[in-house]
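Each chain is listed here by its residues.
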Amino acid sequence: MKEMFREKIGQRSAKVKNTVEKGWVKKFAEAIGDPSPNYFDEEAALASPHKKNIAPVTFPVTFDYGAIPNLGMPTKGLIHGEQKYHYRRPLYVGETVYCYVQVKNYFEKKGNFGNMGFLILSRCVEDEQGELVCETEQVLIISEAVKKEMSK
Amino acid sequence: MKQLVELQIGETLNEIQIGPVSRLDLIKYAGASGDYNPIHTIDDEAEKAGLPGIIAHGMWTMGNLAKILSEYLVNGFIKDYSVRFQGMIFLGDVITLKATLVEKQENTLTFNVTAVKQDEKLAVKGRLAFQLLS
């Protein structure tokens with residue numbers, strides 16, 4: 001079990017094409033109660049330095065990043081410990097992006113719930129020119145109980 | 001609305017209060033985000049996972065917290081945003097979103113941001129860097 005994720009460090013999914021859909025951005029902004037006109041009002045966008053509608057900072061959570069072959073992620077008992085976003089530029093509504101996920105690191109340490117596993121996944125969003133728009137990092141915590149269940 | 005460029009280190013943005021958190025809030029977020037993990041929407045599944053009740057998606061809280069800057073998106077964008085999920089949010093919780101300016105460097109303003117529950121317990125804490133554009 002321990003070795004299982006360690007062996008996966010550096011592995012990544014194939015890139016998946018996604019579109020920043022206007023309707024979805026609006027629905028997402030509503031779901032987080034964020035009424036900013038910058039997300040869907042074209043006139044408001046023209047009055048901003050962006051000149052285009054932009055997506056909420058956490059919108060990349062909606063993208064399809066593909067799957068890392070045979071990663072063997074537990075389906076239950078994962079704890080989302082931390083999340084990071086780093087943007088080179090705003091994500092624009094209507095643009096096409098290419099997304100993939102990569103195992104950045106895996107390590108274990110003693111914590112409140114026994115010997116816990118920390119799986120760090122990095123997700124990248126690139127534009128049509130292949131330039132990085134946004135990189136995210138997710139820290140998933142796997143408790144000792146779940147690890148035991150997985151190694152059965 | 002106060003201009004961001006006038007903001008001094010240690011000053012705070014207007015707080016935002018959200019909640020009480022309802023099941024519908026979380027169902028909506030599940031649909032909008034595509035995260036259908038049932039511990040966020042179905043009582044039985046949350047209990048099976050050892051929780052006292054359904055809990056908000058961490059990303060729902062993170063998404064909500066970023067809106068403390070959203071009136072300023074006419075001036076720039078959020079360049080860096082990182083959080084640690086400190087405590088769970090349950091149905092009925094009322095959450096206060098806060099931001100304090102901690103660093104000012106050319107066109108980048110860095111804030112400490114928190115989502116605090118009605119009992120003063122931290123749900124989320126993090127840092128957010130806002131890039132001003134002209």
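Everything discussed here concerns the structure shown above.
Please read these numbers as outputs of a predicted model, since none were measured by experiment. (Residues numbered from 1 in each chain as written. Chains lettered and ligands numbered in written order. Predicted model: local features only at pLDDT ≥ 70, side-chain atom pairs only at ≥ 80, totals over all residues. Heavy atoms only, no water.)

**Q** Just checking my understanding: could you explain the interface of chain B and chain A for this structure?
**A** The extent of an interface is frequently quoted as the accessible surface area lost upon association of the parts. Tallying the contact residues gives 28 residues for chain B and 29 residues for chain A. Of the roughly 2400 Å² buried where chain B meets chain A, counting both sides, 60% is carbon and sulfur surface. When the buried surface of chain B facing chain A is broken down by residue, Ala32, Met59 and Leu73 of chain B rank first, second and third, together holding 21% of it. Between Glu82 of chain A and Arg84 of chain B there is a salt bridge whose closest N-O contact spans 3.1 Å. The tally of links from chain B across to chain A stands at 13 residue pairs in polar contact (both at pLDDT 80 or more). At the level of secondary structure, the elements contributing two or more residues to the side of chain B that touches chain A comprise helix 1 (23–33), helix 3 (58–65) and strand 2 (76–85) of chain B. In terms of residue count, the dominant contributor to the side of chain B that touches chain A is strand 2 of chain B (10 residues). (Contact = heavy atoms within 4.5 Å. Buried area = accessible area lost by both parts, 1.4 Å probe. Salt bridge = Lys/Arg side-chain N within 4 Å of Asp/Glu carboxyl O. Polar contact = N/O pair within 3.5 Å; in protein donor to acceptor, adjacent residues only side chain to side chain. Helix = DSSP H or I, 4+ residues; strand = E, 2+ residues; numbered from the N terminus.)

**Q** Got a minute to help me understand helix 2 (residues 22–31) of chain A in this structure?
**A** Think of an α-helix as 3.6 residues a turn; residues three or four steps apart then line up on the same face. Among the residues of helix 2 of chain A, those classed as buried are Val25, Phe28, Ala29 and Ala31 of chain A. When helix 2 of chain A is viewed along its axis, its buried side chains cluster within an angular range of 160 degrees and face the same direction. Of the residues in helix 2 of chain A, the exposed ones pointing more than 90 degrees away from the buried face are Gly23 and Glu30 of chain A. On the buried face of helix 2 of chain A, the contacting elements are helix 1 and helix 3 of chain B. Taken from the residues just after helix 2 of chain A, Gly33 of chain A is the one with a positive phi, measuring 60 degrees. (Buried < 20%, exposed > 50% of the residue type's maximum accessible area, 1.4 Å probe, protein only. Arc of directions from axis to C-beta.)

Worth remembering: the numbers are spatial, not functional.
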